[in-house]
Amino acid sequence: MLRQYFIFIFGIAILTGGYWVFTSERPQQIASVEKKVQKANPTITTIPIPSCIDKPTPEVTEGPYYKSGSPQKTTFVEEDTIGTRFTLTGYVLDSSCRPVANAWLDFWQTDGQGIYDNDGFKRRGHQFTDSMGRYVLYTVIPGEYPERTSHIHVKIRATDTSSIKTTQLFFPDNSQNTLDSIFDESLVITITNQEGTTGEYNFVIEK
Ligand code: FE
């Protein structure tokens, strides 16, 4: 009888402890990471660390215009670049929703008229997430081209040895989206200002 009583008390203690860890510790951890993000770079701190309900980012086709060996850069905008200026930011997260520092992202896209630079590396470039798992791309809203709505291609890799995820990002409220067989609602950028010139997308990858 005494033994059963102790087992019962022990069980209650485990449940209470588990509940406390789940409800109180995790938000504290997130809040502390957010604080560090704000301290590290006040210019791109408007994005809160996302919650952990995100599913892995879907993969879609690479398409015919990828070129390996892109230069490292975060801006695709030059003086004569055609298109509406757009700043894309976000995190690379692992499947437990932890920011992935130093993840490799290789972006490529058209200019505002739907034209790729297939001879050089305009609007093609790779970068690495910062110590808090964030990236930023200064670019233009890509134009449509036959059978394709506006999209930005990207390849992502957590570390040198992890597998590469290839996908594309889309823009909301584009009438061509529903006509594009590659379009995926879960790959749509969230627009974050009234002018429609900034947006965010958080990638969730397996490490
Ligand atoms: Fe494309």
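See the structure shown above.
Note on numbering: residues in each chain are counted from 1, in written sequence order. The predicted origin of the model limits local features to residues at a pLDDT of at least 70 and limits the giving and counting of side-chain atom pairs to 80 or more, whereas totals for whole chains, interfaces and linings rest on all residues. Side-chain numbers here rest on the full set of heavy atoms in the structure, without hydrogens or water.

Turning our attention to the overall build of the protein chain. Each helix and strand in the protein chain was counted, giving 1 helix and 9 strands. Along the protein chain, from the amino end to the carboxyl end, the secondary structure elements read α-β-β-β-β-β-β-β-β-β. Throughout this description, buried means an accessible area under 20% of the type-specific maximum (1.4 Å probe, protein chains only), exposed means over 50%, and partly exposed covers the range between. When each of the 207 residues of the protein chain is scored for burial, the buried share is 41%. Contacts are assigned to residue pairs that have any heavy atoms within 4.5 Å of one another. When contacts within the protein chain are restricted to residue pairs at least 6 apart in sequence, long-range pairs at least 24 apart make up 71% of them. Summed over its atoms, the accessible surface of the protein chain is roughly 11900 Å², and 56% of this surface lies on carbon and sulfur atoms. Put simply, DSSP H or I for four residues or longer makes a helix, DSSP E for two residues or longer makes a strand, and each gets a number counted from the N terminus. In short, Shrake-Rupley with a 1.4 Å probe defines the accessible areas, and a residue's cover is counted only from the protein chains shown.

Next up on the list: the nonpolar core. The biggest cluster of nonpolar side chains holds 25 residues, and the ones touching the most others in it are Leu88, Val92, Leu105, Phe107 and Phe203. Looking at this core, the elements that each hand over two or more residues are β1 (85-94), β2 (104-108), β4 (134-140), β5 (151-157), β6 (165-170) and β9 (203-205). Not counting residues up to four positions away in its chain, the partners in contact with Leu105 are Val92, Gly125, His126, Gln127, Thr129, Tyr135, Val154, Lys155, Ile156 and Phe203. Joining through side-chain atoms within 4.5 Å is the link that ties buried Ala, Val, Leu, Ile, Met, Phe, Trp, Tyr and Cys residues into a set, and such a set is a nonpolar core.

This next bit is on the sheet that holds strand β3 (residues 124-128). Pairing between two strands requires that DSSP report at least two bridges joining them. Pairing is antiparallel in the open sheet, where 4 strands are placed in the order β3-β2-β5-β6. One side of each edge strand has no neighbouring strand; the edge strands of this open sheet are β3 and β6. Neighbour-to-neighbour, the strand axes of the sheet open up by a mean angle of 25 degrees, direction not taken into account. Geometry is summarised by axes, namely lines fitted to C-alpha atoms with helices restricted to the contacting stretch, and by angles between N-to-C directions that run from 0 to 180 degrees.

Here the focus is the pairing of β2. For β2, the buried fraction is high: 5 of the 5 residues fall into the buried class. Burial along β2 is two-sided: Trp104, Asp106 and Trp108 facing one way and Leu105 and Phe107 facing the other are all buried. Two strands pair when backbone bridges link them, and β2 and β3 are joined in this way by 5 bridges, in the antiparallel orientation. Bridged to Leu105 within β3 is Gln127. Two elements, β2 and β5, share 5 bridges in a ladder whose sense is antiparallel. Residue Phe107 lies in a different strand from β5, and its bridge partner there is Val154.

Just to be clear on terms, a salt bridge is a Lys or Arg side-chain nitrogen sitting within 4 Å of an Asp or Glu carboxyl oxygen. If you walk through the whole model with that rule in mind, you get 4 salt bridges. Salt-bridge contacts for Lys155 lead to Glu62; the nearest nitrogen and oxygen are separated by 2.7 Å. Linking Lys155 in strand β5 with Glu62 in the loop between α1 (2-40) and β1, this pair joins segments that are 93 residues apart in sequence. Given the relative accessible area of 30%, Glu62 is considered partly exposed. For Arg134, the salt bridge goes to Asp130, with nearest N and O atoms at 2.4 Å. Arg134 gets classed as buried once you look at its relative accessible area, which sits at 4%. Overall, the relative accessible area of 23% leaves Asp130 in the partly exposed class.

Function cannot be read off these values alone, since they describe shape.
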